[in-house]
Amino acid sequence: MAAGFKTVEPLEYFRRFLKENCRPDGRELGEFRTTTVNIGSISTADGSALVKLGNTTVICGIKAEFAAPPTDAPNKGYVVPNVDLPPLCSSRFRSGPPGEEAQVASQFIADVIENSQIIQKEDLCISPGKLAWVLYCDLICLDYDGNILDACTFALLAALKNVQLPEVTINEETALAEVNLKKQSYLNIRTHPVATSFAVFDDTLLIVDPTGEEEHLATGTLTVVMDEEGKLCCLHKPGGSGLTGAKLQDCMSRAVTRHKEVKKLMDEVIKSMKPK
Amino acid sequence: VEGAMQTDAKIRTAGGTEPGPQGPGCSLRHFACEQNLLSRPDGSASFLQGVAEKSRERLIRNTCEAVVLGTLHPRTSITIVLQVVSDAGSLLACCLNAACIALVDAGVPMRALFCGVTCALDSDGTLVLDPTAKQEKEARAVLTFALDSVDQKLLMSTTKGLYSDAELQQCLAAAQAASQHVFRFYRESLQRRYSKS
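Nothing here was measured: the structure is a model prediction, and the numbers come from that model. (Residues numbered from 1 in each chain as written. Chains lettered and ligands numbered in written order. Predicted model: local features only at pLDDT ≥ 70, side-chain atom pairs only at ≥ 80, totals over all residues. Heavy atoms only, no water.)

Attention shifts here to the UniProt feature "domain: Exoribonuclease phosphorolytic" (unreviewed entry) in chain B. The UniProt entry lists residues 54–109 and 113–177 of chain B under the feature "domain: Exoribonuclease phosphorolytic" (unreviewed entry), expressed in the numbering used here. Taken end to end, residues 113–177 of chain B comprises 29% helix and 45% strand; its first and last C-alpha atoms sit 15 Å apart. (UniProt positions renumbered as here; feature names shortened; annotations may be inferred. Helix = DSSP H or I, 4+ residues; strand = E, 2+ residues; numbered from the N terminus.)

What follows covers the UniProt feature "domain: Exoribonuclease phosphorolytic" (unreviewed entry) in chain A. Residue and element names in this part refer to chain A. As annotated by UniProt and renumbered to match this structure, "domain: Exoribonuclease phosphorolytic" (unreviewed entry) occupies residues 31–166 and 193–256. Taken end to end, residues 31–166 comprises 24% helix and 37% strand; its first and last C-alpha atoms sit 41 Å apart. Summarising residues 193–256: 28% helix, 39% strand, and an end-to-end C-alpha distance of 11 Å.

The next point concerns the sheet that holds strand E12 (residues 231–236) of chain A. Spatially, the 5 strands line up as an open sheet ordered E10(A)-E9(A)-E11(A)-E12(A)-E5(B), and their pairing is antiparallel. The open sheet has two edge strands, strand E10 (205–208) of chain A together with strand E5 (163–164) of chain B, and neither has a second partner. Across 7 bridges, the pairing between strand E9 (residues 194–201) of chain A and strand E11 (residues 220–226) of chain A is antiparallel. Pairing of threonine 196 of chain A across the sheet is with valine 224 of chain A, part of E11 of chain A. In the packing of helix H3 (residues 100–116) of chain A onto the sheet, the strands contacted are E11 and E12 of chain A, and the crossing angle to E12 of chain A comes to about 160 degrees. (Pairing = 2+ DSSP bridges. Contact = heavy atoms within 4.5 Å. Axes fitted to C-alpha atoms, helices over the stretch in contact; angles between N-to-C directions.)

Counting residues at the interface gives 27 residues for chain A and 27 residues for chain B. With both chains or domains summed, chain A and chain B bury close to 2500 Å², and 55% of this area falls on carbon and sulfur atoms. Considering only the side of chain A, the residues that lose the most area to chain B are Glu100, Leu232 and Leu235 of chain A, jointly responsible for 21% of the buried surface there. The tally of links between chain A and chain B comes to 2 salt bridges. The salt bridge partner of glutamate 100 of chain A is arginine 61 of chain B, with a shortest N-O separation of 3.2 Å. The tally of links between chain A and chain B comes to 12 residue pairs in polar contact (both at pLDDT 80 or more). When residues of the side of chain A that touches chain B are traced back to their parent elements, those giving at least two are H3, E12 and helix H6 (245–273) of chain A. (Buried area = accessible area lost by both parts, 1.4 Å probe. Salt bridge = Lys/Arg side-chain N within 4 Å of Asp/Glu carboxyl O. Polar contact = N/O pair within 3.5 Å; in protein donor to acceptor, adjacent residues only side chain to side chain.)

Residues and elements named next belong to chain B. Position of asparagine 97 among the secondary structure elements: in helix H4 (residues 91–106). A polar contact is formed between the side chain of asparagine 97 and the backbone nitrogen of glycine 116, at a distance of 2.8 Å. A distance of 3.1 Å separates the side chain of asparagine 97 from the side chain of tyrosine 186, its partner in a polar contact. Ignoring sequence-local partners within four residues, the contact set of asparagine 97 consists of Cys115, Gly116, Val182 and Tyr186.

Bringing the pattern of salt bridges into the picture now. All names here are of chain A. With the rule as written, the count across this model stands at 21 salt bridges over all chains. Lysine 6 is paired through a salt bridge with glutamate 213; the nearest N and O atoms lie 3.3 Å apart. A residue pair is termed long-range when its members are at least 10 positions apart, and lysine 6 in helix H1 (residues 2–8) and glutamate 213 in helix H5 (residues 212–217) qualify at 207 residues. By relative accessible area, which is 49% here, glutamate 213 ends up partly exposed. The partner of aspartate 209 in a salt bridge is arginine 33, with the nearest N and O atoms 3.0 Å apart. (Buried < 20%, exposed > 50% of the residue type's maximum accessible area, 1.4 Å probe, protein only.)

Counting 105 residues, the largest nonpolar core has Leu85, Leu135 and Leu139 of chain A together with Phe145 and Leu168 of chain B as its most contacted members. Sort the elements by how many residues they give to this core and helix H4 (residues 148–162) of chain A lands first, with 11 residues. Other than its neighbours up to four places away in sequence, phenylalanine 145 of chain B contacts Cys115, Gly116, Val117, Cys119, Leu154, Met156, Ser157, Leu168, Cys171, Leu172 and Ala175 of chain B. The next biggest cluster of nonpolar side chains, apart from the first, holds 7 residues, and it includes Phe14, Leu18, Leu29 and Ala199 of chain A. (Core = buried A, V, L, I, M, F, W, Y, C linked by side-chain atoms within 4.5 Å.)

Below is the structure:
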C-alpha cells in the first residue's frame, strides 16, 4: 500500500516523513549516509580511491604524465579533472559526449582544486619552461544515488593523498628526462577541502546528503566546500528556492562537523596503509 | 490541412508582442533562433571555455526556473538568449539582471524579481561591490549572488577563491543592501517605459 502511494504521490509520501523529522531511509535530517573509502586499489594508476556514500559510488584514478608547462606560467604544472557519468550508474544518462551534469561536475571539481590550492602547481614543475607533471584525475561514477559532488570531492582528495611521483632528473648531455622509479615521494597536500551538500524542500527545510529520489523532489540544492581552518572554497547554489542568512549559517556549522568526520575517516585509512 | 498549417505559421512569425495560441513564449523563440544563427563565433575554440559558459548558463537557467511560474504555461519553451556586448567585470550579475528585465518585458509571470550582485574581497579583506575586470583579477575571492525582490533571500550563489564564514555573511549583507538599489532602478526604468506609451 505504501509503495502504491509512493508511486502516485511521491512528494506527499516524502512530506509525511519530513513532518516526523526523519527520512524514508530512517536517517535524521542532518545525518549522512555510511561513508566508506578504499585507497590505492587501482595498481596501474599513480593514485586511486573509491568512495561510497550509501549507494553512491565514485572511483577516482590519477595518472601523472609529462608535459611542457604553459607559456604564461613556466614554473607550474597542470591538474586536469574529469568527471564521467556513464549510463551504467543511472538510467538517466546516455552514452556519448558528456552531458550537462557531467560537465558541471567537472567544472565544480576544477574550481575546488583551483580555489582551495589543494596542491601548489609549482610543486608539479620539474624543469621550469621545459618539463612539468600533468595530473589527469578521472572520476567515474559507478552508482548514482544522489550527492555526487560530495563523493567526487572526497574521492579526489583521497586519491591525491595516495599519489606517489617518481623522482625525475634532466640529463644535461642528452637533455632527456630520466625517471627513477625506485625513489617515489608523496604529493604535498596543503589543505583538505570537504564538500557538504544540502537539498532544500518547500523553501524552508534543509536536509543533508540527499539521495537520488530526494534530489529529484527538492526545490533547490546547496553545496558548501570547507577546509580545515573553516575557510570556504566554494559556495555552490545553482538557483532553486531562496535561503535566508540564518539558514546559511546552519549549513556552515553542519559543514564544519562534517569536515571533522571526513578528516578522521581519511586519517584512519591512510594510517592503516602507510607501511608499504 | 496544408493551407491551414501555413497560415498558422504566418501568424506565429508576425506575432510581435501579441500572445499567440501558445502564449508569449512564441515570439521569443523566433527571435532566439535568429540570434543563435548569427552570433556563434568559433564555438569550439577551446573545450575549457565551453564548459565555463555551460555552467554559467545552468546557473542563470536554474535561477529563472525558480522564479518563473512555469505551471501557467504548460508545454511551452521559454528561451533566453544573452549576447555579451562588452565585458567590464561582474559579467554573471549583469547577465542575471538582463535576463530578469527581459522576462518582465516579455510578460512572463514570475513570483518575484531577481537581481545579480558581485562582491570582490581583496587580500586585506576589504569588500568591493560590483568590481571591474581588473579588480576581479586581483581579488582574493569573488562572490556572485542572485537575490530575490520579496525578502532578499539567496537564490543563487557561485564563488571563486578562499574566504571565511564571517566574510561570507558580510558580503551577503552588503549584497542584500545593494540589491535594493538595483530593484529601485528596475522600478524606475519600467515606470519610465510604460509612462511614455
